[in-house]
Amino acid sequence: MSQPSLPTPPQQPTPQPEPNVQQQPSPVQSQAQTQLGTPPTATENNVSLVNVITAITTAVSPSQLNQQLKAFAPKEVRDVILASLLSDGQDPLSVLDIQANTLGILHILAARLHTTGAPNLPLEYLTEFCRKFVPEQARYAPERVTLLAIGIPLLAEAAGNLTLAIQPLFDLLTKYAPSLSHLTTIHPIFLKICVSTRHFTAALPVLAHPITTIDTSISDLHYNDSLVYHYAGGIVYAALKRWAEAQEFFEICACSSGSAAAAIQMEALKKLVLVQLIHEGKTTPPPKYIHPVLPRLFKGTPYSAFVNAYPDHRVELRSIAEGELVFTTEKTLGLVLQALERAPRWSIKKLTATYLTLHLSDIAHAVGIESVDEVRALIFDMIASSEISAQLSADGTVSFFDAPVTFEKADVDRVLAHAQEQAALLANLEREMARSKEYLTKAVKGKEESSWGAMDDDLADRLGPNLGWADDIGFA
């Protein structure tokens, strides 16, 4: 049975050699002559790596080259050929230029990273490729970019240092995406590595750009890619105690609409309510578009009991925190303890809304603290951090008052400029959405795509087999 082969590259006019001047064959041609006895030509049975390299170096159209590299041999042997060495043991990557041959190298790298028994790939070369590749070429093969992103952590892990994957993944992400507001399959992989290695600040330059564009023509995205990215982003911000941003990211993950609820959304909802307790002292109702099964399931968890007792019932809160192993197994104990530690502060803030003056002993009784000295130290700390406006007299009386509100013109201008920027962004998104045939079809039918739903097996394949979340990510 004959095998499909690479089409013969377009023949260019061959300049006539000058008299008495002998032409030297190129390295690739020499390899072809050694392997085949003749210069590389396209025949039905000719699927050698030499001819693949020839096609890569002589291609004039990235689109055509991509189709050739996807069809030059049966699928089960194609990556084996791409992952092999030349007949004399030379690495084909050594005869290719990263910028001139980005697309071809991308196919070779993806194959070598995922083919059993493939030659070793130096991490230094992979790092250089991610820094120098041409994104316009790479976008012709988004599925190979995904394979490359998956393989980078595996190679770093094999080298014994998962941290080595952070820089090449960052370079790959920032160069490949048309803008950092374009979601790609690289985003969740990069964020997960930052969390697993506890290099939280490395993710901040990416997280600073909200996702506004999803283009499946440049990245083979799935619904779960967005969920994992925003969930990991919430963990990064929570670990850095940037509670407002953590709340935003967990909410995006938990409340993203779909035909079925995903397991990761339930985890995001649990962390969301804990972050809200830490940051605001109370929880807020989830948006109406959250999947209805999530709030129902949440009511049957210890998290719901913790929320109901917060912040005033400290004995009950401590009993829940110490008696439920689920907080440890789900790696949320750090957030629970931080919420428990801040409970007296929120109780005191509630008192300021009701009373003008209170004695320290009355405050201690109200918030469940036995030591008056502990309450005094807490009041001083809250005043110093501008959490409350109060004065403490010598006899132990605390007087509460509203702090004067002042605005600088620069502050007002900054807020207005930000509001105008967001308004323009939303208007642009609405125009883009109104032109979306897919959106209009969904709006008419009144239902979501069936493919956007519960967590699927593809998620584990994208993120690698042995890359777990960091234990209780620095929340203690």
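Residues numbered from 1 in each chain as written. Predicted model: local features only at pLDDT ≥ 70, side-chain atom pairs only at ≥ 80, totals over all residues. Heavy atoms only, no water.

## Focus on the overall build of the protein chain
- Within the protein chain, the secondary structure is distributed over 24 helices and five strands.
- Among the 476 residues that make up the protein chain, the fraction classed as buried is 44%.
- Look at the contacts in the protein chain between residues 6 or more apart in sequence, and 69% of them connect residues 24 or more apart.
- Summing over all exposed atoms, the protein chain offers an accessible surface of approximately 24700 Å²; the carbon and sulfur share of this is 54%. (Helix = DSSP H or I, 4+ residues; strand = E, 2+ residues; numbered from the N terminus. Buried < 20%, exposed > 50% of the residue type's maximum accessible area, 1.4 Å probe, protein only. Contact = heavy atoms within 4.5 Å. Areas by Shrake-Rupley, 256 points an atom, 1.4 Å probe, with all protein chains shown as cover.)

## Looking at the packing of aromatic side chains
- On inspection of all chains with the given rule, the structure shows eight aromatic pairs.
- Among the aromatic residues, those joined into a cluster by ring pairs are Tyr303, Phe306, Tyr310 and Phe327.
- One Lys or Arg, Arg139, reaches over the ring of Tyr176 and ends 5.9 Å from the middle of that ring.
- Cation over ring: Lys175 sits above Phe133, and NZ or CZ is 5.6 Å from the ring centre. (Phe/Tyr/Trp six-rings, centres within 6.5 Å; stacked < 30°, edge-to-face > 60°. Lys NZ or Arg CZ within 6 Å of the ring centre and 35° of its normal.)

## Brief notes about unusual backbone geometry
- Cis geometry is found at the peptide bond from Tyr310 to Pro311, where omega equals 0°.
- Note that Pro311 resides in the loop between helix 16 (302-309) and helix 17 (314-323).
- A positive phi angle is found at Ser386, which is not glycine, with a value near 65°.
- Turning to its location among the elements, Ser386 is positioned in the loop between helix 21 (372-384) and strand 4 (390-392).
- With a relative accessible area of 64%, Ser386 lands in the exposed category.

## A short note on the pairing of strand 5 (residues 397-400)
- Because side chains alternate across strand 5, one face comprises the buried residues Val398 and Phe400, and the other comprises Thr397 and Ser399, none of which is buried.
- Bridge analysis of strand 3 (residues 357-359) against strand 5 gives three bridges, and the strand direction is antiparallel. Pairing of His359 across the sheet is with Thr397, part of strand 5.
- As defined by bridge partners, strand 4 adjoins strand 5 across three bridges and the pair is classed as antiparallel. Within strand 5, the residue paired with Ala390 across the bridge is Phe400. (Pairing = 2+ DSSP bridges.)

## Digging into helix 9 (residues 166-176)
- Of all the residues in helix 9, the buried ones are Ile166, Pro168, Leu169, Asp171, Leu172, Leu173 and Tyr176.
- Of the surrounding elements, those touching the buried residues of helix 9 are helix 6 (123-132), helix 7 (135-138), helix 8 (142-158), helix 10 (186-196) and helix 11 (204-207).

## Re the packing of helix 19 (residues 333-352) against helix 20 (residues 360-367)
- With their axes 10 Å apart at the nearest point, helix 19 and helix 20 run at an angle of 120° to one another. Regarding the angle of helix 19 to helix 20, the classification is oblique. Between helix 19 and helix 20 the crossing geometry is right-handed. On helix 20, the residues touching Pro344, Ser347, Ile348 and Leu351 of helix 19 are Ile363, Ala366 and Val367. (Axes fitted to C-alpha atoms, helices over the stretch in contact; angles between N-to-C directions. Parallel < 35°, antiparallel > 145°, perpendicular 65-115°, else oblique. Left-handed = near helix turned anticlockwise from the far one by under 90°.)

## Things to note about the packing of helix 20 against helix 21
- Their axes nearest at 9 Å, the elements helix 20 and helix 21 cross at an angle of 95°. Classified by the interaxial angle, the pair formed by helix 20 and helix 21 is roughly perpendicular. Taken together, the residues of helix 21 that come into contact with helix 20 (itself represented by Leu360, Ser361, Ile363 and Ala364) are Val372, Val375, Arg376 and Ile379.
- Counted by class, the contact of helix 20 with helix 21 contains six nonpolar, one polar and one charged residues. (Nonpolar A, V, L, I, M, F, W, Y, C, P; charged D, E, K, R; others polar.)

## Digging into the side chain of Arg112
- With respect to the helices and strands, Arg112 occurs in helix 5 (residues 102-113).
- For Arg112, a relative accessible area of 5% corresponds to the buried category.
- Once residues lying within four places of it in the same chain are set aside, the contact partners of Arg112 are Ala83, Ser84, Leu85, Asp91, Pro92, Leu93, Ala118, Pro119, Asn120 and Leu121.

## Quick look at the state of the cysteines
- Overall, the coordinates contain zero disulfides when judged by the stated rule.
- The structure places no disulfide on Cys253, whose sulfur is separated from the nearest cysteine sulfur, that of Cys255, by 9.0 Å. (Disulfide = S-S within 2.5 Å.)

## Structural notes on the confidence of the model for the protein chain
- A residue-level look at the protein chain finds 84% of positions with pLDDT of 70 or above and a mean pLDDT of 85.
- Low confidence marks residues 1-46, where pLDDT is under 50. Its contacts with residues over four positions away, or in another chain, come to 55 contacts. (pLDDT = per-residue confidence, 0-100.)

## Concerning the sheet that holds strand 5
- With antiparallel pairing, three strands are arranged side by side in an open sheet as 3-5-4. The open sheet has two edge strands with one neighbour each: strand 3 and strand 4. On average, adjacent strands in this sheet sit at an angle of 20° to one another, irrespective of strand direction.

## Some thoughts on the environment of Phe380
- Along the polypeptide, Phe380 turns up in helix 21.
- Judged by its relative accessible area of 46%, Phe380 is partly exposed.

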